[in-house]
Amino acid sequence: MKGVFGLIGLVVALAILGLVVKKQLAAQGAMMAPPAAAGASNAGVAPATPPATVREQSLQTQQQVRDQVQQLMQQPRPMPEGQ
């Protein structure tokens, strides 16, 4: 009887693990969507052609991160109210 409950527990744990992995892969696929699908975040930016190689894609992603960091660095920081 103990063995049956152990086996049922293992199957339930594997089912839960499978659902979590499926959800994570779906979320990762949404993150990897092409920039044109992002819509509002790219307003005013002409859509670029998709990179042909992994190296080009990596360079493009690095450039996008640099641009975003630069844009965030240009925003003024809020002043503390208590001082």
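Reading the values: the criteria
Residues numbered from 1 in each chain as written. Predicted model: local features only at pLDDT ≥ 70, side-chain atom pairs only at ≥ 80, totals over all residues. Heavy atoms only, no water. Helix = DSSP H or I, 4+ residues; strand = E, 2+ residues; numbered from the N terminus. Buried < 20%, exposed > 50% of the residue type's maximum accessible area, 1.4 Å probe, protein only. Areas by Shrake-Rupley, 256 points an atom, 1.4 Å probe, with all protein chains shown as cover. Patch = residues over 30% accessible without salt bridge, like charges linked within 9 Å, V, L, I, M, F, W, Y side chains within 5 Å. Salt bridge = Lys/Arg side-chain N within 4 Å of Asp/Glu carboxyl O. Polar contact = N/O pair within 3.5 Å; in protein donor to acceptor, adjacent residues only side chain to side chain.

1. With respect to the overall build of the chain
For step 1, the next point in the chain: For the chain, the count of helices and strands is 3 helices and 0 strands.
For step 2, the next point in the chain: Taken from the N to the C terminus, the helices and strands of the chain come in the order α-α-α.
For step 3, the next point in the chain: With 83 residues in all, the chain has 0% of them scored as buried.
For step 4, the next point in the chain: Carbon and sulfur atoms provide 66% of the accessible area of the chain, an area that totals close to 7900 Å².

2. A few points about a nonpolar patch on the surface
For step 1, the next point in the chain: Residues Met1, Val4, Phe5, Ile8, Val12, Ile16 and Val20 make up a contiguous nonpolar surface patch of about 720 Å² in total accessible area.
For step 2, the next point in the chain: Within the secondary structure layout, methionine 1 lies in the segment before α1 (2-31).

3. A short note on the environment of arginine 66
For step 1, the next point in the chain: Structurally, arginine 66 can be placed in helix α3 (residues 54-74).
For step 2, the next point in the chain: Residue classification places arginine 66 among the partly exposed positions, given a relative accessible area of 46%.
For step 3, the next point in the chain: A distance of 3.1 Å separates a polar atom in the side chain of arginine 66 from a polar atom in the side chain of glutamine 63.

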